[in-house]
Each structure stands twice: as C-alpha cells, then as structure tokens.
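If you want the building blocks of each chain, they are given just below.
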Amino acid sequence: MKSLFDTIRQHQFLIPDQTMGTHIKPIVLHAAHSTGPNPVKIAMALEALHVPFEVRQWEFGNDPQKGVKGVEFSKINENGRVPAIEDPNTGIVAWESGACMNYVRRVYDKGNIIGPPGDSAQDLIDFEKWEYFLLSSLGPMTGQTNWFRHFVPQKNENALQRFTEQTYRCYNILEGQLKKTRGESILPSRVSAVDYHFEPWVRLHSFAGLSLEEYPLIKKWLGLMSTREEIQEAYIKVQGS
Ligand SMILES: N[C@@H](CCC(=O)N[C@@H](CS)C(=O)NCC(=O)O)C(=O)O
C-alpha cells in the first residue's frame, strides 16, 4: 500500500512547483524571538518552493507552555532551540536548521530549484561545504560575538575580540567566494539554499558590531538578497516585517 509520503512524492513529480501550495497541508515552522536568524532561513526555502507553512511563535526561556526550554516545546525539540518543523503531510518532525532545510529540499524540491546548481559530484560537495561552513563557523562565531557584545553578564573583552576576529575571518572567506560570482550568489549561476542559510546571519552584521566596509561583494550580495521576493515574504511571515 502506498504511504502518504509516496503520494506526496508522486504528486510533486506530476505537478509544477507553482501549484504545489494548493494541494499540501501547511508545514508548521516553529520560531521564537522575532529577530533570530535561524527560523527565517527555512521560511525562505518554503517560500521559494511555494510550500504552504504556518509559523508558531515561542518565547525564549523555560515557561512550561510557551518557552523553547519548556516542557511543551521539548516534545518537539529536546534541544530547546528553533527552528523546528512539523510536516503534517508526512508526520516528520525535524530540528536544526540544516536538517530542516535538507528535509524540505529532499521532499519538496524535486525540480532542484534551491539545491546544488549543478549535478556533478563537485557541485554537491560545494553545496554541502558552504552549508556546513555557515552552520559550523560563520553562524556560531557571529552568535558568540553577539553574546559577548550584548548579553554576557560580565564583560569579557578578550572573548569579544576573539569572536569578532573569527567572524571577520569567515567574512574574508565569504568575500573570496563571492568574487567567483561577482557577488550575485554564493554558489555559481543561481541563488540556492546556501544563500538562505547565510543571509539572516550576515544581515545582522551591525548588531554584532561588524562593518561591511571592507567587504564590497558581501555588501552587494546582501543588497541583491534583500530584493528577492521569497526573502522579503519570509521576513514578513516570521518576523512581521
Ligand atoms: N544550530 C541551531 C541553532 C539554533 C538556535 O540557536 N536558535 C536560536 C534562535 S535563532 C534559539 O532557539 N535560541 C534559544 C535559546 O538559546 O534558548 C540551528 O541551526 O538550528
């Protein structure tokens, strides 16, 4: 007997992406704290693929019913962080933005609209290495810079300097990659989910106390990203503007 999952896969194969939204139950995207960079990435991908979704907002902290560290949310993500997604079409629950993104791609991007722009083994590796670079380096370094600049209970200038330098180091790497595309996308030839992973983190550079003065291509890329409809829509749905 065919599972619902098989039905969806077949369904997608048969109908164009643009009409998918009318046949699929909305995915629940769990988010919190309106300016956090991680949930909005997933909204960008869902928007780009015309997959319907609804946003459920949680609070930071351990309120049992409303908090990301509370008992209710721990049933969805025991790590107490957002994003998480629940897909009523398949019964799948995912957390960690990389896992959420790749689930969305595997199930809802049969036309490869936001995946690796080419189909060689190198294209796949290039996609993964930039995705992992954001998830393991640029994102966490920026997060720590934010923590030591704004939230740490006792100032620690050494730590702030260390994470600021490390974030700039990541910006240097990104600027070098953007030279290959004249700042149009992180991977050559078109915008992909990799750009969605980076955009919310780099957008928040000034909150982290970082300047893009020495990064003209990052600046250009960020400007181009902000004109894209799926990105604008994602911010409206997740952050309200
Ligand atoms: N590695 C995780 C990071 C998720 C994360 O740190 N999310 C922030 C919001 S953007 C969060 O939930 N913070 C809540 C907390 O730290 O209590 C991912 O990529 O999904």
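From a predicted model like this one, the values you see are computed outputs, not experimental measurements.

### Brief notes about the overall build of the protein
Argument step 1. Helix and strand counts for the protein come out as ten helices and four strands.
Argument step 2. Secondary structure of the protein in N-to-C order comes out as α-α-β-α-β-α-β-β-α-α-α-α-α-α.
Argument step 3. The C-alpha radius of gyration computed for the protein amounts to 18 Å, which stays within 12% of the reference 18 Å derived for 241 residues, consistent with globular compactness.

### Considering the packing of helix α6 (residues 121-151) against helix α8 (residues 193-203)
Argument step 1. At a minimum axis distance of 9 Å, the contact between α6 and α8 shows a crossing angle of 15°. Of the possible angle classes, the one that applies to α6 and α8 is roughly parallel. Of the two elements, α6 crosses α8, and the hand of that crossing is left-handed. Here α6 contributes Phe 127, Trp 130, Glu 131, Leu 134, Leu 138, Gly 139 and Thr 142 to the contact with α8, which in turn contributes Val 194, His 197, Phe 198 and Trp 201.

### Things to note about the domain arrangement of the protein
Where interface size is given, it is often the accessible area lost as the parts come together that is meant.
Argument step 1. By the assigned domains, the protein splits into domain 1 (4-114) and domain 2 (121-228).
Argument step 2. On a C-alpha basis, the centroid separation for the pair domain 1 and domain 2 is 23 Å.
Argument step 3. Across the contact, nine residues belong to domain 1 and nine residues belong to domain 2.
Argument step 4. Looking at the side of domain 1 that touches domain 2, the elements that each hand over two or more residues are α3 (37-48) and α5 (97-108).
Argument step 5. A total of five residues in the side of domain 1 that touches domain 2 trace back to one element, the largest contributor, which is α3.
Argument step 6. Classifying every residue of the side of domain 1 that touches domain 2 by side-chain character gives six nonpolar, one polar and two charged.

### Describing the UniProt feature "domain: GST N-terminal" (unreviewed entry) in the protein
Argument step 1. Listed under "domain: GST N-terminal" (unreviewed entry) in the UniProt record, and renumbered for this structure, are residues 26-112.
Argument step 2. The span residues 26-112 is 32% helix and 23% strand, and its two end C-alpha atoms sit 21 Å from each other.

Each value, and the rule that gives it
- Sequence order as written defines the numbering, with residues in each chain counted from 1.
- The predicted nature of this model means local features are confined to residues of pLDDT at least 70 and side-chain atom pairs, given and counted, to a pLDDT of 80 or more, with totals for whole chains, interfaces and linings taken over all residues.
- Here a strand is any run of E in DSSP of at least two residues, a helix any run of H or I of at least four, and the numbering for each starts at the N terminus.
- When we talk radius of gyration, it's over C-alpha atoms, and the globule rule is simply 2.2 Å times the number of residues to the 0.38.
- Convention adopted: a line fitted to C-alpha atoms gives each axis, helices being fitted over their contacting stretch, and angles between N-to-C directions are expressed from 0 to 180 degrees.
- Just so you know how the angles are binned, under 35 degrees is roughly parallel, over 145 roughly antiparallel, 65 to 115 roughly perpendicular, and the rest oblique.
- Handedness of a helix crossing follows the sense of rotation of the near helix relative to the far helix, less than a right angle counterclockwise being left-handed and clockwise being right-handed.
- Here contacts are defined at the residue level, using C-beta atoms placed from the backbone and a cut-off of 7 Å between them.
- How far each domain reaches was decided by an automatic or database domain assignment.
- Nonpolar residues are Ala, Val, Leu, Ile, Met, Phe, Trp, Tyr, Cys and Pro. Charged residues are Asp, Glu, Lys and Arg, and all others, Gly as well, are polar.
- UniProt positions are given in the numbering used here, feature names are shortened, and annotations may be inferred rather than shown by experiment.

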